[in-house]
Amino acid sequence: LGEVSKLPMRPVTSYVRRSPRMNDSQKAAWQRLSAQYLVGELDRQAMASLFVSQAPLDLVELFGRDAPLLVEVGAGSGENLAVEATARPDWNLLGFEVYDKVLGSTMSRLDRAGVANVRLIHGDAVTGFDYLMQPQSISELQTYFPDPWHKARHVKRRLVNPGFVTLAASRLVPGGLWRLATDWDDYAEHIAAVFDVSQLFEDVTAEQAGSGRRPVTKFEARAKAAGRDITEFVFRRKETL
Ligand SMILES: C[S@@+](CC[C@H](N)C(=O)[O-])C[C@H]1O[C@@H](n2cnc3c(N)ncnc32)[C@H](O)[C@@H]1O
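Now for a look at the structure at hand.

Each value, and the rule that gives it
- Residues numbered from 1 in each chain as written.
- Predicted model: local features only at pLDDT ≥ 70, side-chain atom pairs only at ≥ 80, totals over all residues.
- Heavy atoms only, no water.
- Near = heavy atom within 4 Å.
- Polar contact = N/O pair within 3.5 Å; in protein donor to acceptor, adjacent residues only side chain to side chain.
- Areas by Shrake-Rupley, 256 points an atom, 1.4 Å probe, with all protein chains shown as cover.
- Nonpolar A, V, L, I, M, F, W, Y, C, P; charged D, E, K, R; others polar.
- Core = buried A, V, L, I, M, F, W, Y, C linked by side-chain atoms within 4.5 Å.
- Buried < 20%, exposed > 50% of the residue type's maximum accessible area, 1.4 Å probe, protein only.
- Helix = DSSP H or I, 4+ residues; strand = E, 2+ residues; numbered from the N terminus.
- Contact = heavy atoms within 4.5 Å.
- Pairing = 2+ DSSP bridges.
- Axes fitted to C-alpha atoms, helices over the stretch in contact; angles between N-to-C directions.
- Phe/Tyr/Trp six-rings, centres within 6.5 Å; stacked < 30°, edge-to-face > 60°.

This part is about the site of the ligand. Near the ligand lie 18 residues; those nearest to it are Ser14, Gly74, Glu97, Asp124 and Tyr144. Note that a nitrogen atom of the ligand is positioned 2.8 Å from one of the backbone N or O atoms of Gly74. Between the ligand and the protein, one listed contact pairs a nitrogen atom with a backbone N or O atom of Tyr144 at 2.8 Å. Against a free-state accessible area of 600 Å², the protein chains account for coverage of 94% of the ligand. When its residues are assigned to classes, the shell around the ligand shows nine nonpolar, five polar and four charged.

In terms of nonpolar packing, the biggest core is built from 40 residues, with Val71, Leu94, Phe129 and Trp178 touching the most fellow members. Per-element tally for this core: the top contributor is helix α8 (residues 185-198), with six residues. If near-sequence neighbours (up to four positions away) are discounted, Trp178 is found in contact with Leu141, Gln142, Thr143, Phe164, Val165, Ala168, Leu172, Phe195, Phe201, Phe233, Val234 and Phe235.

On the basis of which strands lie adjacent, the open sheet formed by seven strands has the order β3-β2-β1-β4-β5-β7-β6 and mixed pairing. Pairing within the sheet leaves two strands with one partner each, and these edge strands are β3 (118-122) and β6 (201-203). Taking each pair of neighbouring strands and ignoring which way they run, the sheet shows an average axis angle of 20°. With three bridges connecting them, β6 and strand β7 (residues 231-237) associate as antiparallel partners. Paired with Asp203 across the two strands is Phe235, which belongs to β7. Against the sheet, helix α5 (residues 100-113) makes contact with β2 (92-97) and β3, and its axis sits at roughly 170° relative to β3, the strand it touches most.

Per the counting criterion, the structure on display carries nine aromatic pairs. Aromatic pair Phe195 and Phe201: ring centres 5.1 Å apart, planes at 75°, arrangement edge-to-face. In this structure Phe195 comes out as buried when scored by relative accessible area, which is 4%. Ring centres of Phe233 and Phe235 lie 5.6 Å apart, and the angle between their planes is 15°; this geometry places the pair in the stacked category. Residue Phe233 is classed as buried on the basis of its relative accessible area, which comes to 12%.

Here's what the structure looks like:
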């Protein structure tokens, strides 16, 4: 716990700032579907990933309705978003993802699933939460298989850190759930310690949370094939912070 409390409260860069090139089908998906799925007209800095200070999103305008909001941080290729959007037609879903390549795949997948209740933000969720999301606007949050950043000098780049946990707690509604999963034991220990120190969330059992829908993504399949166990967490934001 001592190590965790030394971690920074400032934003982290939890991803590498280079993305493999989009293939032709990802590019085609981007052209055909970005007007429908990607949140446009956002004010970003040069890397097209960090947002600058600006008005928060108007969610009712963005989705054309008022509904509970599920946010996924690090949506990858959108496997989870497609399943959740189909299972929750009465929810709005918003995914943050830094890499354009996987966003192309996500848009194709959402189109194939025929879902209209998802929007995607191309960029860093940490600054996105800061500037684009209002306090108490997120009903449920999901973060599956965040990049592990194993080396001691990289631990500070982990997405789940005291600063982001405090920020995310403020964006969640009181009682809102945050579901996480990791295939790395050291990251699982880290997550448990960060939430323990924060005191902003309570542990929830899978039964209480009504878990069970998360599809097996490419990352999870790879982890299992390599013999790693998956650790899942569900935390509930306390009523008062
Ligand atoms: C290991 S992948 C897991 C993807 C997906 N959740 C899954 O389970 O298949 C982690 C993803 O998080 C994204 N990511 C990392 N840091 C991020 C950040 N600060 N904001 C948005 N996305 C981020 C990465 O680009 C990558 O696609």
